[in-house]
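These are the residues of each chain, in order.
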Amino acid sequence: MKFLKRSNGKHPEDAAAIPPVIDIREITKTYQMGAEELRVLKGISLRIERGEFVSIMGPSGSGKSTLMNILGALDQPTSGQYFLDGEDISRLSQTALARIRNHKIGFVFQNFNLLKRTSAQRQVELPLIYAGASNRSGRAKAALESVGLGDRLKHLPSELSGGQQQRVAIARALVTEPSIILADEPTGNLDSRSGAEVMQIFQRLNREQQITTVFVTHDPWIARHTNRVIMIRDGMIVADQQVAKPLVAGVDERPSEAEELAGIFQAAYYGEHSAESAGANGSHAHDDSTGGGSGIPEQIAEGSAAS
Amino acid sequence: MNLWESFRLAVGSILLYPTRAALTMLGIIIGVAAVISLLALGRGVENSVASQFEGLGADILTVRANMPMRGFSSASTPLTLKNLQALADGVTTPSVSGVAAEYQVRATAVDGYNSTSVTVRGVTPNYFTLNEWSLTAGSAFTQSDSDSQAQIAVLGVTVVEDLYGSADYDAVGESLLINDLAFTVVGILAEQTATGPNDPNDAIIVPLLTAQARLGNARVAGEGYQVSSILAKVSDTALLDAAQSEIEAYLLSAHGIADPDQADFTVTQASATAETRTEVLGIVTLFLSGIAAISLLVGGIGVMNIMLVSVSERTREIGLRKAVGARAGDILVQFMIESLLLSMLGGALGVAAGMAIAAIGSQLISATAVLSPEIIVLAVGVSLFIGVFFGVYPANRAARMNPIQALRFE
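Residues numbered from 1 in each chain as written. Chains lettered and ligands numbered in written order. Predicted model: local features only at pLDDT ≥ 70, side-chain atom pairs only at ≥ 80, totals over all residues. Heavy atoms only, no water.

1. A short note on the overall build of chain A
Secondary structure assignment for chain A yields 11 helices and 11 strands. The proportion of buried residues among the 307 residues of chain A is 49%. In chain A, the share of contacts with a sequence separation of at least 24, taken over all contacts with a separation of at least 6, comes to 68%. About 15100 Å² of surface is accessible on chain A, with carbon and sulfur atoms providing 49% of the total. (Helix = DSSP H or I, 4+ residues; strand = E, 2+ residues; numbered from the N terminus. Buried < 20%, exposed > 50% of the residue type's maximum accessible area, 1.4 Å probe, protein only. Contact = heavy atoms within 4.5 Å. Areas by Shrake-Rupley, 256 points an atom, 1.4 Å probe, with all protein chains shown as cover.)

2. Notes on helix H6 (residues 157-164) of chain B
Residue and element names in this part refer to chain B. Among the residues making up H6, those that are buried are Val157, Val159, Val160, Leu163 and Tyr164. In a view along the axis of H6, the buried residues occupy a sector of 155 degrees, so they form one face of it. On its buried face, H6 sits against strand S3 (96-111), strand S4 (114-123), strand S6 (152-155), strand S7 (175-178), strand S8 (181-189) and strand S9 (203-207). Just downstream of H6 lies Gly165, where phi reads positive at about 85 degrees. (Arc of directions from axis to C-beta.)

3. Concerning the interface of chain B and chain A
Opposite the 22 residues of chain B that make contact, chain A presents 21 residues. Taken over both partners, the interface formed by chain B and chain A buries close to 2100 Å², and the fraction arising from carbon and sulfur atoms is 58%. Considering only the side of chain B, the residues that lose the most area to chain A are B:Leu320, B:Val324 and B:Ile404, jointly responsible for 26% of the buried surface there. Measuring nitrogen to oxygen at the nearest pair gives 2.7 Å for the salt bridge that ties A:Arg136 to B:Glu5. At the boundary of chain B and chain A, one finds six residue pairs in polar contact (both at pLDDT 80 or more). Among the elements of the structure, helix H1 (3-16), helix H10 (315-323), helix H11 (328-365) and helix H13 (403-408) of chain B are those that each provide at least two residues to the side of chain B that touches chain A. Partitioned by chemical class, the residues of the side of chain B that touches chain A number 11 nonpolar, two polar and nine charged. (Buried area = accessible area lost by both parts, 1.4 Å probe. Salt bridge = Lys/Arg side-chain N within 4 Å of Asp/Glu carboxyl O. Polar contact = N/O pair within 3.5 Å; in protein donor to acceptor, adjacent residues only side chain to side chain. Nonpolar A, V, L, I, M, F, W, Y, C, P; charged D, E, K, R; others polar.)

4. Re the sheet that holds strand S5 (residues 79-84) of chain A
All names here are of chain A. Judged by pairing direction, the sheet is antiparallel, and its four strands sit side by side in the order S3-S2-S5-S6 without closing on themselves. Bordering the open sheet on either side are strand S3 (36-48) and strand S6 (87-88), each of which pairs with just one other strand. Two strands pair when backbone bridges link them, and S5 and S6 are joined in this way by two bridges, in the antiparallel orientation. By the bridge assignment, Leu84 is partnered in S6 with Glu87. Contacts from helix H2 (residues 64-71) reach strand S2 (22-33), S3 and S5, with the element oriented near 120 degrees to S2. (Pairing = 2+ DSSP bridges. Axes fitted to C-alpha atoms, helices over the stretch in contact; angles between N-to-C directions.)

5. Observations concerning the pattern of salt bridges
For side chains of opposite charge, pairing can occur when their charged atoms come near one another. In this structure the tally under the stated criterion is 23 salt bridges over all chains. Two residues, B:Arg121 and B:Glu102, come together in a salt bridge whose shortest N-O distance is 2.8 Å. In this pair, B:Arg121 sits in strand S4 while B:Glu102 sits in strand S3, placing the two residues 19 residues apart along the sequence. Under the relative-accessibility criterion, B:Glu102 is labelled buried at 2%. Here B:Arg321 and B:Glu317 are joined by a salt bridge, their closest N and O atoms 2.8 Å apart. In this pair, B:Arg321 and B:Glu317 both sit in helix H10, four residues apart, roughly one turn of the helix. Through salt bridges with shared partners, a single ionic network connects A:Arg50, A:Asp85, A:Glu87 and A:Lys104.

6. Concerning a nonpolar patch on the surface
On the surface, B:Val280, B:Val284, B:Phe287, B:Leu288 and B:Ile291 cluster together into a nonpolar patch covering about 450 Å² of accessible area. On the secondary structure map, B:Val280 appears in helix H9 (residues 270-313). (Patch = residues over 30% accessible without salt bridge, like charges linked within 9 Å, V, L, I, M, F, W, Y side chains within 5 Å.)

7. Some thoughts on the packing of helix H4 (residues 120-131) of chain A against helix H5 (residues 136-146) of chain A
All names here are of chain A. Taken N-terminus to C-terminus, the directions of H4 and H5 make an angle of 120 degrees; their axes are 9 Å apart at the nearest point. Considering their axes alone, H4 and H5 lie oblique with respect to each other. Crossing hand, H4 versus H5: right-handed. Judged by residue contacts, Ala120, Gln121, Val124, Glu125, Leu128 and Ile129 of H4 engage Arg136, Ser137, Arg139, Ala140, Lys141, Ala143 and Leu144 from H5. (Parallel < 35°, antiparallel > 145°, perpendicular 65-115°, else oblique. Left-handed = near helix turned anticlockwise from the far one by under 90°.)

8. Describing the confidence of the model for chain B
Residues and elements named next belong to chain B. Across chain B, the average pLDDT comes to 84, with 94% of residues at 70 or higher. The secondary structure element of chain B with the lowest average pLDDT is strand S10 (residues 219-220), at 74, and the one with the highest is H10, at 94. With pTM at 0.69, the complex prediction returns an ipTM value of 0.81. (pLDDT = per-residue confidence, 0-100.)

9. Looking at the packing of helix H3 (residues 81-88) of chain B against helix H8 (residues 240-254) of chain B
All names here are of chain B. Contact geometry of H3 with H8 gives a least axis separation of 11 Å together with a crossing angle of 140 degrees. Considered as vectors, H3 and H8 are oriented oblique to each other. For H3 against H8, the interelement crossing comes out right-handed. Each of Lys82, Asn83, Ala86 and Leu87 in H3 lies in contact with H8, whose residues at this interface are Ile247, Tyr250, Leu251 and Ala254. In terms of residue class, the contact of H3 with H8 is built from six nonpolar, one polar and one charged.

10. Quick word on the nonpolar core
Formed by 72 residues in total, the largest nonpolar core has its most connected members in A:Ile22, A:Ile24 and A:Tyr82. Examining the composition of this core, we find that eight residues originate from one element, helix H2 (residues 18-53) of chain B, more than from any other. The residues contacting A:Tyr82, other than those within four sequence positions of it, are A:Ile22, A:Asp23, A:Ile24, A:Ile27, A:Ile70, A:Leu71, A:Glu87, A:Asp88, A:Ile89 and A:Ser90. Counting residues in each nonpolar core, the second largest holds 51 residues, with B:Ala109, B:Val159, B:Leu163 and B:Tyr225 among its members. (Core = buried A, V, L, I, M, F, W, Y, C linked by side-chain atoms within 4.5 Å.)

11. Considering the sheet that holds S10(B)
Residues and elements named next belong to chain B. One open sheet accounts for three strands, arranged S2-S11-S10; its pairing is antiparallel. Strands at the two margins of the open sheet, each flanked by one partner only, are strand S2 (79-80) and S10. Bridge analysis of S10 against strand S11 (residues 224-227) gives two bridges, and the strand direction is antiparallel. Its bridge partner being in S11, Val220 is matched across the sheet by Gly224.

12. Things to note about a negative patch on the surface
All names here are of chain B. A surface patch of like charges, here negative, comprises Glu161, Asp162, Asp168 and Asp202. Of note, Glu161 is situated in helix H6. Judged by its relative accessible area of 41%, Glu161 is partly exposed. (Lys, Arg positive; Asp, Glu negative; His and termini not counted. Charge placed at Lys NZ, Arg CZ, Asp CG, Glu CD.)

13. Remarks on the environment of B:Ser339
With respect to the helices, strands and loops of the structure, B:Ser339 is situated in helix H11. When the C-alpha positions of B:Ser339 and B:Met304 are compared, they lie 7.9 Å apart, and in sequence the two are 35 residues distant.

14. Things to note about the pairing of S8(B)
Residue and element names in this part refer to chain B. As defined by bridge partners, strand S5 (residues 135-138) adjoins S8 across three bridges and the pair is classed as antiparallel. Looking at S8, one finds that Leu135 is bridged to Leu189. As paired strands, S6 and S8 are joined by four bridges and run parallel to one another. Looking at the pairing, Leu155 lines up with Ile188 of S8. Sheet analysis places S7 next to S8, joined by four bridges and oriented antiparallel. Its bridge partner lying in S8, Leu176 is registered against Phe183.

Pasting the structure below:
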């Protein structure tokens, strides 16, 4: 038992009253590459309810980035419908999409995408400027405080650590109180300690403020921190399941590379592992890979099994 | 997003690379400064030429013998006193109300230790009244002075200064040597503003016959004495053209020339000369300003170049701005303001530099540069136009960027 089967909805009675944050129906995306058509998404349907914390996983080329771009209103599907907060946005103009992104979506990127030589507070004010909102500095300060950077308002990106920069980016995504936060490999450029800090913030925001969050990641360890994992391969959803017992950032230690790789070797060329133990574990790893033929990463499987 | 925010963003991104912004503006500064200073100086020179001719007898015609061309055996027939008398008789040229003549020679004037090379103008007594010349000291000469070849002289102020060290020196009564002949100064000519091609301030004026007989060799066999030019005054400027044709008809027949194109003399109206000169100057000014405008165009291309670099450098930033909700219009406005700021600031500095150059140039060519508001409005307008024209393409390119590709741009 690796995943819990996802039920039709957490609160079926609420679903009628409050529309899901994201409701996409038979979305396809086709790119014209010269004479050939490249079908990146081949009919994806998906619902994400308010307050969910979801990971979208898949290898590169699976279409997860394209799906992320469509979910983020940066791109439009070739066919199918996309209801965001009950509003069909799959056929909107560029200007209307810009407004949707501004009001309803908060982006967090792997490489932070902060403006250089701009203070943390000004970074966070940016979406408010385009929204024409009032009390921008007050709201920006509040957002920065909520990610623990209340004392770094005037700092430039070059004066902040990677983890702090990503927290500024999270504050920027939060400040407009969007319907959903889309985070593309948000810990991908961070060391494990900073990554854990950032992860803690996402978990806290989701737990305390019910902020709907979607991660796009290829890292199973990160995905295990979320409540639901959607797996995409070749433009289709191949799995969509609840995580039985999500990891708690800052509490659960990520296994080291040695631990992760333990048991797959036949002989050590260098290091403390003896040839005997590596060989013994190697046969175990072989057994496991034949058993786990579903393609679901080992860590998630182990994590679920351990629970 | 309001304009003030766009403005702040644009200023911020210009300040991010001050050296680059300064170099970009330099093209505009040079172009605008060149156009402004050339137009201002050109107009200044036009004005000073116009003022030199102003009051130079709008009602006066000047008749001159054409210079005989070197290498041509058929020397032109000179103008003579006989011609002068014919023009004065009231029958040959009825439209002419008065005539005067002068005979010019170059001579050396010496007083004590100072000597100066000077134009000596022998004139008929009425030459003063016809030209509306007045004297600050002494008196002009009479017909009898001329007939007796009196060695008396009226000095222009420049000559007074050259000989006596100060233009205010009262030289009346002084004697001086002109080509070794002793002359007595009898009057000082008031400083003339209308200087024209023959500056009367820089001349010694003597009786006509004195100049013809004693200083020059002006006798022409059978025709009496030669004169350099004849002035003919009309009572009404409306008669100028009639008088001109009458004089031409008379001189053509007197010189035995059938084809008016072969005329060996020229009759000119002072105002026409002034007009021609200012027109030529105007064309030269326009031409030079046109060349300067080309440098302005090159400056504009520089602005576009830098804007394109700026847009491509900031691709990721543009992508991010779009991701957090900037519309294409917001991005367009931001970059347009940036290019407008660069060109307007360049234009303003160019106006300042142009004014400085015009002021320095005024000193060098001793003509007051005229910086009319139109020139400044033109310069500002042109830099505005450059900002818009050369900013649209880069700004539009930024505005139309695909946010996904922009965010992925390395």
